[in-house]
Amino acid sequence: MVKHKSVVCFVVFILTFSGFIDTCFAADKAAADEALTDAENDLASAFVAVEDAEQVGANTSEMLAKLKFAGNLLADAYNAHRLGDYDNACSYAMNCSDSVNRIASEAAGLKLEAEKAYSERLFETAAVSSAGLSVLLILSLFGWRFLKRRHFKRILGMKPEVGKTG
Amino acid sequence: MNFGDFKLFYILSYLGLGLIILSPTLAIVIKLPGGERFSELWLLGPSHMAEDYPFNVLENEVYKVYLGIGNRMGDLGYFKVYVKFRNQTESLPDAFNGTPSALGSLLEYCVFLSDSETWEKEISFSFEEVSFEGNVCKISKLVINGYVLNIDKAAVWDEENHGFYCQLFFESWLYNTTVSTFRFQNRFVGIWLNMTGNV
């Protein structure tokens, strides 16, 4: 009796949760359309986030690989949809959304890191350049004084030449 | 060299050295414009060369071409390639006005490319259920990379060029982040196909 109860519970559990595992089971056109629109928007948002991160110098190669994978899924989803295979279209579209759902936040994190690294690098380089410029300014002022003094000394030390008139 | 010239030379030397010292900072701050930005779309024959393209095609024979995209936009690009098929009377993209063909796409590919990266895809295609009735050739199915597509196209006999001509072509679209949609890039490639019957 206990064994029977366990089996029934197990079957009920499987039947209940299988619905959550694949919500696109026997999808119709409307569901597939909605899933495609969501996937398209998710992928576009992820792309924009990755592009932003790349523009500030973040290393986006890992995320680009994910985008490519998701892009293939979205293309498969559209192609299945065109053939009237709404189940697969929905499934591919949902997989596409799942595969990019963390990209935007990851890219935003990378972008912040890259911006911080950029600011630090800029600050360090600007500090070194400023120090270099200051040293150059001081040296050149001293150098100018030295050269000027030497020049005048040379001029004052010159003897006037007496020319002969014919 | 008089004193005035020497003074000028000294100041210019100071400025030159100053610029050299500042150059690492300037290199970080100043973004120089890159070269010309463009994208590429190409179609190669079965031998991976721009030759031996399929032309006279038979029912149930498999033909192969290679489709490629190159990104030289200086940035990450999100491309879509739409595969379309037309007979001689249907619309092609308008290169002059930069508008795509009005035909619906049969298939599409989503491609992400970083700058200077290329993508290539083998496109295998064949025709199924082709019939000839008088001066009309009816094509029911086109199979591209395993996708069986119901196209139901009719190609009328071309008196001038002696054939039943159709065109398989590919349009490249690029995602525009400003307007958040794909825009036709005025890039398309295609091959003419002459439908022939088994003798």
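Note that the structure is a prediction, hence the values are computed from the model and not measured.

### Focus on the overall build of chain A
In terms of helices and strands, chain A carries five helices and zero strands. Traced from its N-terminal end to its C-terminal end, chain A shows the element sequence α-α-α-α-α. By the burial criterion, 28% of the 166 residues in chain A qualify as buried. The long-range fraction of contacts in chain A, counting pairs at least 24 apart against all pairs at least 6 apart in sequence, stands at 79%. Element-wise, carbon and sulfur atoms account for 63% of the exposed surface of chain A, whose accessible area totals about 11400 Å².

### Quick word on the packing of aromatic side chains
All names here are of chain B. A complete count under the given rule lists 20 aromatic pairs over all chains for this structure. With 4.8 Å between their ring centres and 75° between their planes, Y78 and F182 make a pair best called edge-to-face. Taken together, the residues span a long stretch of sequence, with Y78 in strand 4 (residues 77-87) and F182 in strand 10 (residues 181-195) at a distance of 104 residues. Note on F125 and F127: the rings are 6.1 Å apart at their centroids and 80° apart in plane angle, and the pair reads as edge-to-face. Judged by its relative accessible area of 1%, F125 is buried. On the accessibility criterion, F127 (0% relative accessible area) is buried.

### Concerning the interface of chain B and chain A
At the junction of the two partners, chain B supplies 35 residues and chain A supplies 38 residues. By the criterion of area lost to chain A, the three top residues of chain B are B:I28, B:L76 and B:F112, representing 21% of everything that side buries. Where chain B touches chain A, the interface holds three salt bridges. Here A:R82 ties to B:E108 by a salt bridge, and the two come within 2.6 Å at their closest N and O atoms. In this structure, the connection of chain B to chain A is made through 15 residue pairs in polar contact (both at pLDDT 80 or more). Contributing elements (two or more residues each) for the side of chain B that touches chain A: helix 1 (3-29), strand 4, strand 5 (107-113) and strand 8 (147-158) of chain B. Per element, the largest residue contribution to the side of chain B that touches chain A is 13 residues, and it comes from helix 1 of chain B. Considered class by class, the residues forming the side of chain B that touches chain A number 23 nonpolar, six polar and six charged.

### Describing helix 5 (residues 103-156) of chain A
Spanning 54 residues, helix 5 of chain A covers 77 Å between terminal C-alpha atoms, matching the ideal 80 Å at 1.5 Å per step. For helix 5 of chain A, the full list of buried residues reads A:I103, A:A107, A:A114, A:T125, A:S129, A:L136, A:S140, A:G143, A:W144 and A:H151. Where helix 5 of chain A is buried, its residues touch helix 2 (29-55), helix 3 (61-82) and helix 4 (86-100) of chain A together with helix 1 of chain B.

### Things to note about the environment of B:F127
Residues and elements named next belong to chain B. On the secondary structure map, F127 appears in strand 6 (residues 118-133). Between the C-alpha atoms of F127 and E61, which are 66 residues apart in sequence, the distance is 7.1 Å. When near neighbours in sequence (up to four residues on either side) are disregarded, F127 contacts V57, E59, N60, E61, F85, I139, K141, L142, L193 and M195.

### Here we look at the packing of helix 3 of chain A against helix 5 of chain A
All names here are of chain A. One can describe the packing of helix 3 onto helix 5 by two numbers: an axis separation of 11 Å at closest approach and a directional angle of 160°. With respect to each other, helix 3 and helix 5 are oriented roughly antiparallel. Once helix 3 is placed against helix 5, the crossing between them reads as left-handed. Only I103, E106, A107 and L110 of helix 5 make contact with helix 3, whose side of the interface consists of M63, K66 and L67. In terms of residue class, the contact of helix 3 with helix 5 is built from five nonpolar, no polar and two charged.

The rules behind the values
- Residues numbered from 1 in each chain as written.
- Chains lettered and ligands numbered in written order.
- Predicted model: local features only at pLDDT ≥ 70, side-chain atom pairs only at ≥ 80, totals over all residues.
- Heavy atoms only, no water.
- Helix = DSSP H or I, 4+ residues; strand = E, 2+ residues; numbered from the N terminus.
- Buried < 20%, exposed > 50% of the residue type's maximum accessible area, 1.4 Å probe, protein only.
- Contact = heavy atoms within 4.5 Å.
- Areas by Shrake-Rupley, 256 points an atom, 1.4 Å probe, with all protein chains shown as cover.
- Phe/Tyr/Trp six-rings, centres within 6.5 Å; stacked < 30°, edge-to-face > 60°.
- Buried area = accessible area lost by both parts, 1.4 Å probe.
- Salt bridge = Lys/Arg side-chain N within 4 Å of Asp/Glu carboxyl O.
- Polar contact = N/O pair within 3.5 Å; in protein donor to acceptor, adjacent residues only side chain to side chain.
- Nonpolar A, V, L, I, M, F, W, Y, C, P; charged D, E, K, R; others polar.
- Expected span 1.5 Å × (residues − 1).
- Axes fitted to C-alpha atoms, helices over the stretch in contact; angles between N-to-C directions.
- Parallel < 35°, antiparallel > 145°, perpendicular 65-115°, else oblique.
- Left-handed = near helix turned anticlockwise from the far one by under 90°.

Function cannot be read off these values alone, since they describe shape.
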